[in-house]
Structures are given as C-alpha cells and as structure tokens.
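Close look at the chain arrangement
Given next are the chains, with one letter for each unit.
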Amino acid sequence: MTSISCAIRECLLTSDKRAKVFATRELARDWRMGRLAFAFDCAMPDRPAWPEELDLRLPRDMSRRGKGGSKKGRIALWHALAHIEFVAIDLALDMAGRFGESMGQVFVSDFLSVAADEAMHFALLERKLDSLGSHYGALPAHDGLWSAAKDTAHDVAARLAIVPMVLEARGLDVTPSTLERVRSQGDENGAKILKRILDDEIRHVAFGARHFRAICAARGENPPESWQKLVKLYFSGTLKPPFNDSARSAAGLSRDFYAGIA
C-alpha cells in the first residue's frame, strides 16, 4: 500500500496545473477510502513544482491591480485569485505531509480536505479566466506565498499561526468586499464563485485554529499570546483592519488573537 507521504510528495511535484488538481482530489479521495497507509517514508520537497510558464516575481515587483472595472482589470483580479488558490493547494498538501506524522490522522484528513477544496476553487477560477479569453499563467504572479511555508517548515505551530490563521484569515476580511464589487458589475457567476470560496475558507481557518489551540494546550501556552509571538516572528507584513469579525469568530479566531497586534 502506498504511504500517504509518498502520495503527497507526488502531488507536490506535479507541475501541470490541471494534473495537480486531478491528482490532489484523487489523493484526498484515496485517503478517505483507506487506500493509503498512514506512513511517512517520503520527505516533502523544499518547493513544489509549478507550471514552467508561470512568471514569478517578488511582491514588490508586482504592478498594482485596479478595481477590476475593465476587462483587463477583471482578468488581473481573477488571475491573482487563481494564483492564491493554486499555491494554497500545495500549502495544504505540505501541511499534511510535513507535520502529519506528529499531529495524527485527523490532522492529515483535515488538511487533505483543504487541499481538495483549494483544487476545486482553482478549477472554478481557471474556468472563469477561460470565459474571459485568458488562462492561469497569462500574467505574472507573486512568489511571496510559498515563503511563508519555507519560513515555518520547522514548526507546526508557526505554520498554523501564519498560513491558516493569518493568510487564509485575511481572505475572510477582503473577499466580501470583492464579492460585492463583482456583483455590482453584473457578474453573478463570479459572485457565486467567491461566496463558495469564502464559505470554505471559514472552515479552513477553523481547522488551523483548532489544531493550534490543541498544540497550545499540550504545551501549556495561552493560544492568543502564543499566536501573537509567532506572528511577530514569522509574518513580515502587517495585520490591517477592517476585520470580518463574524467570519473570524465562526472560524475560532476571537478578537483577543488579533486586536492587540493589528
């Protein structure tokens, strides 16, 4: 029986965008059906494989995106969102493969389900780009997201603090306004895609917060205080309001986590 770690590594090293989507969803299904062994005999790569045509740039070298009113602006918006979801597939896979042995089978199940969701989100966004006459890889994309994984590869608490509880939680804040802007432009299909992503991301952040709290309980640490220390150590950006307090609360991120350092 193939080990879960080797199956995850194979997905991470799949560079073709559609092949990665299919492989990730099949992996999550195989794990759910008991077809993969809970064994960690394959190391995770330092970096996943991405499409060769992707023009990766430092965040500071990316041009500012407009409000998405023109067709060019709409393509830029959907391309940026597609890139976030594509990288999120690998972030979730790496979470399960790198830390699953110490964290256990429920942790693996949670983050493989996240990976499958992100793959589905990417497929929806890729289809949206296609409807606009574009495709993923047509525009430059920033290479800052994976640095969060690299910086926290040594500590599961740090990874949980930064990826689900900062980066994905930020999506809870900004997606509602993007959704309303898209809807006001008459794009109901786009609004539905964003609503699906928002609903799923609440669950993803909740997975991160729940496992983070469990680690803090095992270490005898205060969760908000521990999270704040890790954010100061490993997050180079700033946490800026406004926050979607209701969505964050639904995901287990109460204001005592982020109010003190925003």
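Above this text sits the structure in question.
Here the structure is a predicted model, which is why all the values come from computation and not from measurement. (Residues numbered from 1 in each chain as written. Predicted model: local features only at pLDDT ≥ 70, side-chain atom pairs only at ≥ 80, totals over all residues. Heavy atoms only, no water.)

Regarding its fold elements, the protein presents ten helices and two strands. Mapped from its N terminus to its C terminus, the protein presents α and β elements in the order α-α-β-α-α-β-α-α-α-α-α-α. Seen along its three principal axes, the alpha-carbon backbone of the protein occupies a region of about 50 × 45 × 30 Å. Expressed as a percentage of its 262 residues, the buried residues of the protein come to 51%. Once local pairs closer than 6 in sequence are excluded, the contacts in the protein between residues at least 24 apart make up 82%. Accessible surface, the protein as shown: approximately 12400 Å² in total, 51% of it carbon and sulfur. Computed over 37 positive and 34 negative side-chain charges, the inter-centroid distance for the protein is 5 Å. (Helix = DSSP H or I, 4+ residues; strand = E, 2+ residues; numbered from the N terminus. Buried < 20%, exposed > 50% of the residue type's maximum accessible area, 1.4 Å probe, protein only. Contact = heavy atoms within 4.5 Å. Areas by Shrake-Rupley, 256 points an atom, 1.4 Å probe, with all protein chains shown as cover. Lys, Arg positive; Asp, Glu negative; His and termini not counted. Charge placed at Lys NZ, Arg CZ, Asp CG, Glu CD.)

Interhelical geometry of helix H6 (residues 156-184) versus helix H8 (residues 223-234) gives an angle of 85° and a closest axis separation of 9 Å. In terms of orientation, H6 lies roughly perpendicular with respect to H8. Judged by residue contacts, Ala157, Ala158, Ala161, Ile162, Met165 and Val166 of H6 engage Trp227, Leu230, Val231 and Tyr234 from H8. (Axes fitted to C-alpha atoms, helices over the stretch in contact; angles between N-to-C directions. Parallel < 35°, antiparallel > 145°, perpendicular 65-115°, else oblique.)

Now for the side chain of Lys128. When you line up the elements, Lys128 lands in helix H4 (residues 105-131). Residue class for Lys128 comes out buried when judged on its relative accessible area of 8%. Non-local contacts of Lys128, meaning those with residues more than four positions away in its chain, are made with Trp78, Asp187, Asn189, Gly190 and Ile193.

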